[in-house]
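Read off the chains here:
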Amino acid sequence: RLLLCLGECQCIYAMGGRPTAAVNLLSAPDDNMSETIAQGMAEACRKYGVPMVGGHYLPEETAGVATAMVGRATHLLRCFHGRPGQWLMVAVDLEGRQFKDYLQWDSTSFRTPQ
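Note that this is a predicted model, so its numbers are computed, not measured.

**A short note on the sheet that holds strand S3 (residues 64-72)**
Taken together, the three strands give an open sheet; going across it, the order is S2-S1-S3, and neighbouring strands pair in mixed fashion. Edge positions in the sheet fall to strand S2 (52-59) and S3, since each has one partner strand and no second. For this sheet the average axis-to-axis angle between neighbouring strands, irrespective of direction, equals 15°. Here strand S1 (residues 18-28) pairs with S3 via nine bridges, running antiparallel. Looking at the pairing, asparagine 24 lines up with threonine 67 of S3. Seen against the sheet, helix H2 (residues 31-48) touches S1, S2 and S3 and runs at an angle of roughly 175° to S1.

Following this line, the structure appears as structure tokens:
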């Protein structure tokens, strides 16, 4: 659930920015699943201190989520500015783990906002 928001937040941070708002699209076949997904979205937004400012809900549809994040930056770090011979830093949270059976790395769902 946290991964819905996390990927977008990390992209903004990686470009030298700070996320400021989230907008989500949620679809679910029933109220129970929609509640579970919505709680996960809200938890992710709380952990990252990013308000969810809007979105859309499609009831009685296949379960799915899409997230868009808005952010601010004074100087964007873009991949196009890289040059041969420059250093590349890769940061990996070694305390993380695979998320369920998905090809996603979970480094946040077990952490607090601090």
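So, next bit.
**What to know about the nonpolar core**
Of all hydrophobic cores here, the largest spans seven residues; its members are Cys9, Ile12, Ala22, Cys45, Tyr48, Val50 and Met69. Elements that contribute at least two residues to this core include exactly helix H1 (3-14) and H2.

**Concerning a nonpolar patch on the surface**
Residues Leu88, Val90, Val92, Leu94 and Trp105 make up a contiguous nonpolar surface patch of roughly 630 Å² in combined accessible area. When you line up the elements, leucine 94 lands in the loop between S3 and strand S4 (97-98). Residue classification places leucine 94 among the exposed positions, given a relative accessible area of 76%.

**Some details on the environment of glutamate 95**
Within the secondary structure, glutamate 95 sits in the loop between S3 and S4. On the basis of relative accessibility, which here comes to 57%, the residue glutamate 95 falls in the exposed class. For the pair formed by glutamate 95 and cysteine 11, sequence separation is 84 residues and the distance between their alpha carbons is 20 Å. If sequence neighbours within four positions are ignored, glutamate 95 has contacts with Phe110 and Arg111.

Reading the values: rules and limits
- Residues numbered from 1 in each chain as written.
- Predicted model: local features only at pLDDT ≥ 70, side-chain atom pairs only at ≥ 80, totals over all residues.
- Heavy atoms only, no water.
- Pairing = 2+ DSSP bridges.
- Helix = DSSP H or I, 4+ residues; strand = E, 2+ residues; numbered from the N terminus.
- Axes fitted to C-alpha atoms, helices over the stretch in contact; angles between N-to-C directions.
- Contact = heavy atoms within 4.5 Å.
- Core = buried A, V, L, I, M, F, W, Y, C linked by side-chain atoms within 4.5 Å.
- Buried < 20%, exposed > 50% of the residue type's maximum accessible area, 1.4 Å probe, protein only.
- Patch = residues over 30% accessible without salt bridge, like charges linked within 9 Å, V, L, I, M, F, W, Y side chains within 5 Å.
- Areas by Shrake-Rupley, 256 points an atom, 1.4 Å probe, with all protein chains shown as cover.
- Salt bridge = Lys/Arg side-chain N within 4 Å of Asp/Glu carboxyl O.

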